[in-house]
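Summary of structural features
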Amino acid sequence: MWNFADHLSEEEKAEAAKNMKERLEPLKDVIEGTLSLKVITNPLPTSSYEVALVGEYVDEAALSFYATHPEHLKVVEYIKTVCKDRAALDY
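A brief structural summary.

Rules and cut-offs
- Residues numbered from 1 in each chain as written.
- Predicted model: local features only at pLDDT ≥ 70, side-chain atom pairs only at ≥ 80, totals over all residues.
- Heavy atoms only, no water.
- Core = buried A, V, L, I, M, F, W, Y, C linked by side-chain atoms within 4.5 Å.
- Buried < 20%, exposed > 50% of the residue type's maximum accessible area, 1.4 Å probe, protein only.
- Helix = DSSP H or I, 4+ residues; strand = E, 2+ residues; numbered from the N terminus.
- Contact = heavy atoms within 4.5 Å.
- Phe/Tyr/Trp six-rings, centres within 6.5 Å; stacked < 30°, edge-to-face > 60°.
- Lys NZ or Arg CZ within 6 Å of the ring centre and 35° of its normal.
- Salt bridge = Lys/Arg side-chain N within 4 Å of Asp/Glu carboxyl O.
- Axes fitted to C-alpha atoms, helices over the stretch in contact; angles between N-to-C directions.
- Parallel < 35°, antiparallel > 145°, perpendicular 65-115°, else oblique.
- Nonpolar A, V, L, I, M, F, W, Y, C, P; charged D, E, K, R; others polar.

This paragraph deals with the nonpolar core. Within the largest apolar cluster, 21 residues are counted, with the highest numbers of intra-cluster contacts made by Phe 4, Met 20, Leu 24, Ile 79 and Val 82. Those elements giving two or more residues to this core turn out to be strand E1 (2-4), helix H1 (10-24), strand E2 (34-40), helix H2 (60-68) and helix H3 (70-82). Discounting chain neighbours no more than four positions away, the residues touching Leu 24 are Trp 2, Leu 37, Val 39, Leu 53, Tyr 66, His 72, Val 75 and Ile 79.

Moving on, we get to the packing of aromatic side chains. The geometry of two aromatic rings is summed up by the distance between their centres and the angle between their planes. Inspection of every chain in the model, using the stated rule, returns 1 aromatic pair. Each ring, one from Tyr 57 and one from Tyr 66, has its centre 5.2 Å from the other, and the planes form 45°; the classification is tilted. Both residues of the pair, Tyr 57 and Tyr 66, count as buried. The lysine or arginine in question, Arg 23, covers the ring of Tyr 78, its NZ or CZ lying 4.0 Å from the ring centre.

The next subject is the pattern of salt bridges. One pass over the full model with this rule turns up 8 salt bridges. Here Lys 13 ties to Glu 10 by a salt bridge, and the two come within 3.5 Å at their closest N and O atoms. On the criterion of helical spacing, the pair formed by Lys 13 and Glu 10 is a turn pair, its members being 3 residues apart in helix H1. According to the relative accessible area criterion, Lys 13 is buried, its value standing at 16%. Residue Lys 13 is joined to Glu 50 by a salt bridge in which the shortest nitrogen-to-oxygen separation is 3.4 Å. One end of the pair, Lys 13, is in helix H1; the other, Glu 50, is in the loop between E2 and strand E3 (52-57), with 37 residues separating them in the sequence.

This part is about the packing of H1 against H3. Running from N to C, H1 and H3 point in directions that differ by 170°, and their axes come no closer than 10 Å. Considering the angle they form, H1 stands roughly antiparallel to H3. Two secondary-structure elements touch here, H1 through Ala 16, Asn 19, Met 20, Arg 23 and Leu 24 and H3 through His 72, Val 75, Tyr 78, Ile 79 and Val 82. Looking at the contact of H1 with H3 residue by residue, the class counts come to 7 nonpolar, 2 polar and 1 charged.

Attention now moves to the packing of H2 against H3. One can describe the packing of H2 onto H3 by two numbers: an axis separation of 5 Å at closest approach and a directional angle of 55°. The angle between H2 and H3 falls in the class oblique. Residues Tyr 66, Ala 67 and Thr 68 of H2 form the contact with H3, whose participating residues are Pro 70, His 72 and Leu 73. By residue class, the composition of the contact of H2 with H3 is 4 nonpolar, 2 polar and no charged.

On to the side chain of His 69, then. One can find His 69 in the loop between H2 and H3. Overall, His 69 belongs to the buried group, its relative accessible area being 15%. Those residues within four positions of His 69 in sequence are excluded, and the remaining contacts are Val 30 and Ile 31.

This is a description of form; function is not addressed.
Okay, here's the thing in structure tokens:
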């Protein structure tokens, strides 16, 4: 889960959320062992985070493979330009 950088306008946040969704979700078909990826961009007002990624993987090794895959790392670089923080829960 992420929160957007403080300097982004609401319009820029909406564009960044769209970009994150468009870049992350297709990785399901690119990175072996990834079963599903869903980017949530419309959280309830009571939420603590603005965007979330829910991913399912074959096993823990597949998650590690996803995390270090070059195509995923390209998206990570973009996310770092629009987000200020991140929280993760792997299970």
